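Tertiary structure, described
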Amino acid sequence: MKNIIDEIKELEKTSGHLEPSIEERKKNRDKIIDYTEDFINNIYNINAFNLTDNTGEGLLDTPISEEPIGIDKAIELFKDNVDFPNLNPASGGHLGYIPGGGIYNSALGDYLADITNRYSGIFYAGPGAVRMENMLIRWMAKIVGFPPETAGNLASGGSIANLIAIVTARDALNIKSKDISRGVIYLSQQVHHCIDKSIRIAGLGECEIKFVELDDNYRIKPGVVKNEIEKDKKDGKLPWLIIASAGTTDFGVIDPLDELAEIAKENKMWFHVDGAYGAFFVLSESAKSRLKGIEKADSLVMDPHKGLFLPYGLGVVLVKDKHKLNAAHYYKANYLQDAIAIEEEPSPADLSPELTKHFRGLRLWLPLMLHGVKPFRAGLEEKLLLTRYFYEELKKIDGFDMGPEPELSVASFRYIPKEGNANKFNQLLLHEILKDGRVFLSSTKVDGKFIIRIAVLSFRTHLQTIDLILKILKEKVELLLKDWK
Ligand SMILES: Cc1ncc(COP(=O)(O)O)c(C=O)c1O
């Protein structure tokens, strides 16, 4: 017995390093705080994009080993290899794709969640944590007009949230393998690619995926969906799911939600809305009416790491009928027998694929508590107006061909040179913008046309940023035209 005790004590000396002393904690914390303070204090001056050959390979020079390296070296490795190259998503100059955020109090929420490591998967283990997450879900349900008994899940992002919704729809409509080849899903070419991914992951890839005709502003034509459904039914097919977007990624437009919801209802189909980008605009008085019909969805995705400016790591799915969400994700395990059957607050583990998960609620709850809703609402309203301002100002400059009028906070455009290949010109224009690095924009291709777009959703994007983009665009077009033939 003596030997085993000696051995345990010896191991404890080494494993005890995982519990740093007060001094060590302070030293490491101070260094991280210094770094992050410096980062935030300079965020309005540093680039949104650093075009570089550095792809973080320097990390590989310090392999994972038995011995520690110390906080200074760790921070240096992070700074040079992770923080520096390419996109800086925390910058207000990030207007590519759909920008995320990074509000400070959300980071503090994560810190608190990680140190206390509360278990938010099952009510029995972490009643307060689960209650907090459910309270947030009920708040989101309320702002979009879903009923109070709505259930949902705080997932890691919009992709997983959409997957949860599609799996729920599949089981709610009782789509079994024998039905799949007859099954038809109606959606737009403009849905985010994660929808297509979810359909395949959910085992539904062999359904007919019907991309319906869009109007001139890239929105689904409801009349076309209605006719297609009727025709498909006559042909013995099984129409069961309509997917719409509340804010598409390319153009930020909203499908006609109200009409699509009615069509789904008439045909006893499931109506899913991907509002990962656009749904939080219900908080804006001016945009709310544009989202009419969102409340009629059976399931809805809305991403706080987009529309509420949180750091990456939180996308939410709401499902009106909690029994359907539960039926698709329920499980039983002998070793969890003590935890089952608590009805007071549903457990996330019964409503999603995850059992143990990050306590994501705190990263949303803390900022909502510390700021109130008002600045989020104002931020969203500001982004809508900034987009409109950008659109109107760029339209005034000769040569720019503007995309659809912005419905939310995405605007698209391309420069049409008097001669030569416009696609080539816009590719070069985008490359010049990236080389400059003060702002980051991204592109898309529609009907063979290379289109540049801005998506205004970073909480750090303000009037000054938009004026800077307009200035950069003018400068870069002039520069390119000098050698353009
Ligand atoms: C409309 C839409 N849906 C879904 C997603 C996927 O979300 P995530 O990147 O959080 O997985 C995005 C991402 O930009 C999006 O714009």
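Residues numbered from 1 in each chain as written. Predicted model: local features only at pLDDT ≥ 70, side-chain atom pairs only at ≥ 80, totals over all residues. Heavy atoms only, no water.

**Observations regarding the nonpolar core**
Worth spelling out the cut-off: For the purposes of this section, nonpolar cores are sets of buried Ala, Val, Leu, Ile, Met, Phe, Trp, Tyr and Cys residues that join through side-chain atoms within 4.5 Å. Each residue is placed in one exposure class: buried if its accessible area under a 1.4 Å probe, protein chains only, is under 20% of its type's maximum, exposed if it is over 50%, and partly exposed if it falls in between. Numbering of helices and strands starts at the N terminus; helices are DSSP runs of H or I of at least 4 residues and strands are runs of E of at least 2. Where each domain begins and ends follows an automated or database-derived domain assignment. Contacts are assigned to residue pairs that have any heavy atoms within 4.5 Å of one another.
In terms of nonpolar packing, the biggest core is built from 66 residues, with Ile242, Phe271, Ile294, Met302 and Leu318 touching the most fellow members. The greatest single-element share of this core, amounting to 8 residues, is contributed by helix H5 (residues 127-144). Two domains share this core, each providing at least three of its residues, namely domain 1 (108-371) and domain 2 (375-482). Ignoring anything within four residues of it in the chain, the contact list for Met302 reads Met140, Ile143, Val144, Gly275, Ala276, Ala279, Phe280, Gly315, Val316 and Leu318. In terms of nonpolar packing, the next biggest core, distinct from the first, is built from 30 residues, Ile164, Val317, Leu325 and Ala328 among them.

**Digging into the site of the ligand**
As a reminder of what qualifies: What makes a residue near a molecule or strand is one non-hydrogen atom of that residue sitting within 4 Å of it. Under this definition, polar contacts are N or O atom pairs within 3.5 Å; protein pairs additionally need one hydrogen-donor-capable and one acceptor-capable atom, and for neighbouring residues in sequence, both atoms have to be side-chain atoms. Amino acid classes used here: Ala, Val, Leu, Ile, Met, Phe, Trp, Tyr, Cys and Pro are nonpolar; Asp, Glu, Lys and Arg are charged; the rest, including Gly, are polar.
Around the ligand, the surrounding shell holds 14 residues, and the nearest of these are Gly158, Ser159, Asp274, His305 and Lys306. Within the side chain of Ser159, one N or O atom sits 2.6 Å away from an oxygen atom of the ligand. Contact between the ligand and Lys306: an oxygen atom at 3.0 Å from a side-chain N or O atom of the residue. Contributing elements (two or more residues each) for the shell around the ligand: helix H6 (158-172) and helix H12 (304-307). A breakdown of the residues in the shell around the ligand according to their chemical character gives 3 nonpolar, 8 polar and 3 charged.

**Let's talk about the domain arrangement of the protein chain**
This is how the line gets drawn: Two parts placed together each lose some accessible area; with a 1.4 Å probe, that loss summed over both constitutes the buried area. The term salt bridge refers to a side-chain nitrogen of Lys or Arg lying within 4 Å of a carboxyl oxygen of Asp or Glu.
Domain assignment breaks the protein chain into domain 1 (108-371) and domain 2 (375-482). Each of domain 1 and domain 2 has a C-alpha centre, and these two points are 31 Å apart. With 28 residues of domain 1 at the interface, the matching set in domain 2 holds 22 residues. Between domain 1 and domain 2 lies a buried interface of about 2,400 Å² when both sides are counted; carbon and sulfur atoms form 66% of it. Sorting the residues of domain 1 by area buried against domain 2 places Phe251, Phe281 and Phe309 first, and these three jointly supply 30% of that buried surface. Our count for the domain 1 to domain 2 interface comes out at 1 salt bridge.

**Points about unusual backbone geometry**
Of all residues except glycine, most have a negative phi; of all peptide bonds, most are trans. Although it is not a glycine, Asn86 sits at a positive phi angle of roughly 60°. Tracing the backbone through its elements, the reader meets Asn86 in strand S2 (residues 86-87). The backbone of Lys268 shows a phi angle near 55°, a positive value even though the residue is not glycine. When you line up the elements, Lys268 lands in the loop between helix H10 (257-266) and strand S7 (270-275). Among the residues examined, Lys268 registers a relative accessible area of 70% and is labelled exposed.

**Section: the side chain of Arg360**
When you line up the elements, Arg360 lands in the loop between helix H13 (322-329) and helix H14 (361-371). Excluding its chain neighbours within four sequence positions, the residues that come into contact with Arg360 are Glu133, Leu154, Ala155, Ser156, Gly313, Leu314 and Glu354.

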